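The primary structure of each chain is shown beneath.
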Amino acid sequence: MTPLTTLKLAFRALWRNKVRSMLTMLGIIFGIGTVIAMIASGQGAKEAVADVFRSMGTNLLIVTNGSQRTGGAAGGAGSRFSLTWADAAALENGEVPTVRWVTPVLQTKSQVSSEAANWNTSVVGTKPAYFTIKSWATKEGDLFDEDAANITGPKDAVIGQTVATQLYAGSNPVGQAIMVNNKPFTVIGVLEAKGQSGMGQDQDDVVIIPLKSYLNSIDKSGGKFMPRGQLYVSVGSEKDITVAETQLTSLLREKHNLQASDDDDFQIRNLAEFALSQQKSTDKIATLLAIVAAMSLIVGGIGVMNIMLVSVIERTREIGIRMAVGAKPLDVMTQFLVESLVLAAVGGVIGLGFGALLAKYMASYYGWKLFFPATTAAVAFAVAGGVGVVFGLYPAIRASRLDPITALRYET
């Protein structure tokens, strides 16, 4: 028998039992479909996590005041005022070579209002580098620059989408007045929406004003320390973050005159490490889901074996006739093996389409980017074919070993 003849016979045999063949293929279809969907969803979730941390800042280190201990009781992070304006100046002057951008960030909660509404929000005082570090552009209007941040004239403010919605519903906020801590400011820009941070905070619920305006209008404590301040430090390259953290620690300890036995009087938060741990957790979950989904391929293979064994029993007399007229055991085995392979291959093709649709639906439902893992799809399809061969092999061998005389006498 030629390969083409064997293939035709396989399709003919499967077509005679369309419903049974379709039910058998369901295990393969769902197996491949779910594997593709789970891998695609895992990649989408991983990218979504990465987007969240990218929105918080580029290669970001956050330096905060340390903890003060009084009578054996630790006051917690920020209770010890240790960061100084000299620390910020040293970093801005390039004393840590791996640091690309740095800006002080002072923040407090305050009541803000427009002519029609009021809202309690976060007010941030910072420098223009803040927008570069956080890769934050405006949807409308402009950002303040160094010149605007240093003048003592009109006070500018940039607001987030949440504040814009609460104070200026139905109108363009740019050019309108906003009162911040009972001080007049002018909205010069509305920032693009960033959504929630990795800590669940609404990043768009913010009013950002120049650092000098903040110190003059909100926090007039003065002095060399930044009592409620932080330093946002952006490293030039992701691979330099660990080196930058070490260099930054060394510089601050030197500036603060700390001895080798002294604990740090500041804290450095490495968001890259936190993002990496979150992505590793996402990878583990995605891998687990893919393994569970792959198990359905095994179940599908068992279904193929089961139906092929039934087919051997039903066609015992047919096998006897074929062998009586000259068919060799290899021809019989090849025919049944091709039938199981066709079942798996057709199920695999349908499964690829099902997986693509399922991945698209999940991406739309959860709001992350659509990924179609072509490599995974190719591997899953190859595995489906392998399942057809492996699980179809035993029924095919059993059929080829039937005694022709016994097979001719078999009554169904």
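For clarity, every value in this text was computed on a predicted model and none was experimentally measured.

1. As for the overall build of the protein chain
Working step 1: From N to C terminus, the protein chain includes 13 helices and 11 strands.
Working step 2: Each of the 412 residues in the protein chain was classed as buried or not, and the buried ones make up 44%.
Working step 3: Nonlocal contacts in the protein chain, meaning residues at least 24 apart in sequence, comprise 76% of its contacts between residues at least 6 apart.

2. So, the packing of aromatic side chains
Two aromatic rings are characterised by how far apart their centres lie and by the angle between their planes.
Working step 1: As enumerated under the stated definition, the model contains 5 aromatic pairs in all.
Working step 2: Ring geometry for Phe30 and Phe354: centres 5.4 Å apart, planes at 85°, overall edge-to-face. Here Phe30 is found in helix α2 (residues 18-56), whereas its partner Phe354 is found in helix α11 (residues 329-366), with 324 residues between them in sequence.
Working step 3: On the accessibility criterion, Phe30 (42% relative accessible area) is partly exposed.
Working step 4: Members of the aromatic cluster, connected to one another through ring pairs, are Tyr130, Phe131, Phe144 and Tyr232.
Working step 5: Across from the ring centre of Phe185, 5.7 Å away, lies the NZ or CZ of Lys155, which sits over that ring.

3. With respect to the confidence of the model for the protein chain
Working step 1: Per-residue pLDDT for the protein chain has a mean of 80; in total, 84% of the residues score no lower than 70.
Working step 2: Averaged pLDDT values over the elements of the protein chain bottom out at 47 in strand β2 (residues 73-80) and peak at 95 in helix α6 (residues 161-167).
Working step 3: Low pLDDT, under 50, characterises residues 70-79; the predicted model gives this stretch 18 contacts beyond four residues in sequence or across chains.

4. Comments concerning the packing of helix α10 (residues 316-324) against α11
Working step 1: In the contact formed by α10 and α11, the axes pass within 10 Å of each other and the chain directions differ by 140°. The orientation of α10 with respect to α11, classified from their angle, is oblique. The two elements α10 and α11 cross, and the hand of that crossing is right-handed. Where α10 approaches α11, its residues Glu318, Ile319, Arg322 and Met323 are matched on the opposing element by Pro329, Val332, Gln335 and Phe336.
Working step 2: Partitioning the contact of α10 with α11 into residue classes produces 5 nonpolar, 1 polar and 2 charged.

5. Some points on the nonpolar core
Side chains of nonpolar character tend, in soluble globular proteins, to be buried together.
Working step 1: Counting 39 residues, the largest nonpolar core has Val63, Ile159, Ile178, Val207 and Val233 as its most contacted members.
Working step 2: Of the residues forming this core, the biggest block, 5 residues, is contributed by helix α8 (residues 241-255).
Working step 3: Ignoring sequence-local partners within four residues, the contact set of Val63 consists of Leu83, Gln230, Leu231, Val233, Leu248, Leu252, Phe266, Gln267 and Ile268.
Working step 4: With 16 residues, the next largest nonpolar core counts Val105, Tyr130, Leu191 and Ile208 among its residues.

6. Describing unusual backbone geometry
Working step 1: The backbone of Asn181 sits at a positive phi, close to 55°, despite the residue not being glycine.
Working step 2: Overall, Asn181 belongs to the partly exposed group, its relative accessible area being 29%.
Working step 3: Positive phi, normally seen in glycine, also occurs at Asn257, with a value near 55°.
Working step 4: Its location among the elements puts Asn257 in the loop between α8 and β11 (266-270).
Working step 5: Judged by its relative accessible area of 62%, Asn257 is exposed.

7. Notes on the pairing of strand β7 (residues 177-180)
Working step 1: Going residue by residue along β7, you find Ile178 and Val180 tucked away on one face and Ala177 and Met179 left uncovered on the opposite face.
Working step 2: Where strand β3 (residues 99-113) and β7 come together, 2 bridges link them in antiparallel fashion. Looking at β7, one finds that Ser113 is bridged to Met179.
Working step 3: Relative to strand β8 (residues 183-191), β7 is paired through 4 bridges, and the arrangement is antiparallel. If you follow Ile178 over to β8, its bridge partner there is Phe185.
Working step 4: Between β7 and β8, which pair antiparallel one after the other, the connecting turn spans 2 residues, and Asn181 there sits at a positive phi close to 55°.

8. Here's the deal with the pattern of salt bridges
Working step 1: Tallying each qualifying case throughout the model produces 3 salt bridges.
Working step 2: For the salt bridge of Glu92 with Lys127, the shortest nitrogen-to-oxygen distance reads 3.0 Å. Within this pair, whereas Glu92 is found in helix α3 (residues 85-92), its partner Lys127 is found in the loop between β4 (118-126) and α4 (129-133), the two being separated by 35 residues in sequence.
Working step 3: Where Asp264 meets Arg253, a salt bridge forms, and the shortest distance between an N and an O atom there is 2.5 Å. Residue Asp264 is found in the loop between α8 and β11, and its partner Arg253 is found in helix α8; the two are separated by 11 residues along the sequence.

9. Points about α3
Working step 1: Listed as buried for α3 are Asp87, Ala88, Ala90 and Leu91. Looking straight down α3, one finds that the buried residues subtend no more than 160° of arc, so they occupy a single side.
Working step 2: Contact partners of the buried residues in α3: β3, β10 (229-235) and α8.

10. Some points on the side chain of Asp219
Working step 1: Topologically, Asp219 is positioned in the loop between α7 (211-217) and β10.
Working step 2: Asp219 sits in the buried class, given a relative accessible area of 6%.
Working step 3: If near-sequence neighbours (up to four positions away) are discounted, Asp219 is found in contact with Tyr214 and Arg228.

11. Here we look at α11
Working step 1: The end-to-end C-alpha distance of α11 is 54 Å, a good match for the 56 Å that 38 residues give at a rise of 1.5 Å each.
Working step 2: At the C-terminal side of α11, Gly367 shows a positive phi close to 75°.

Calculation notes
Residues numbered from 1 in each chain as written. Predicted model: local features only at pLDDT ≥ 70, side-chain atom pairs only at ≥ 80, totals over all residues. Heavy atoms only, no water. Helix = DSSP H or I, 4+ residues; strand = E, 2+ residues; numbered from the N terminus. Buried < 20%, exposed > 50% of the residue type's maximum accessible area, 1.4 Å probe, protein only. Contact = heavy atoms within 4.5 Å. Phe/Tyr/Trp six-rings, centres within 6.5 Å; stacked < 30°, edge-to-face > 60°. Lys NZ or Arg CZ within 6 Å of the ring centre and 35° of its normal. pLDDT = per-residue confidence, 0-100. Axes fitted to C-alpha atoms, helices over the stretch in contact; angles between N-to-C directions. Parallel < 35°, antiparallel > 145°, perpendicular 65-115°, else oblique. Left-handed = near helix turned anticlockwise from the far one by under 90°. Nonpolar A, V, L, I, M, F, W, Y, C, P; charged D, E, K, R; others polar. Core = buried A, V, L, I, M, F, W, Y, C linked by side-chain atoms within 4.5 Å. Pairing = 2+ DSSP bridges. Salt bridge = Lys/Arg side-chain N within 4 Å of Asp/Glu carboxyl O. Arc of directions from axis to C-beta. Expected span 1.5 Å × (residues − 1).

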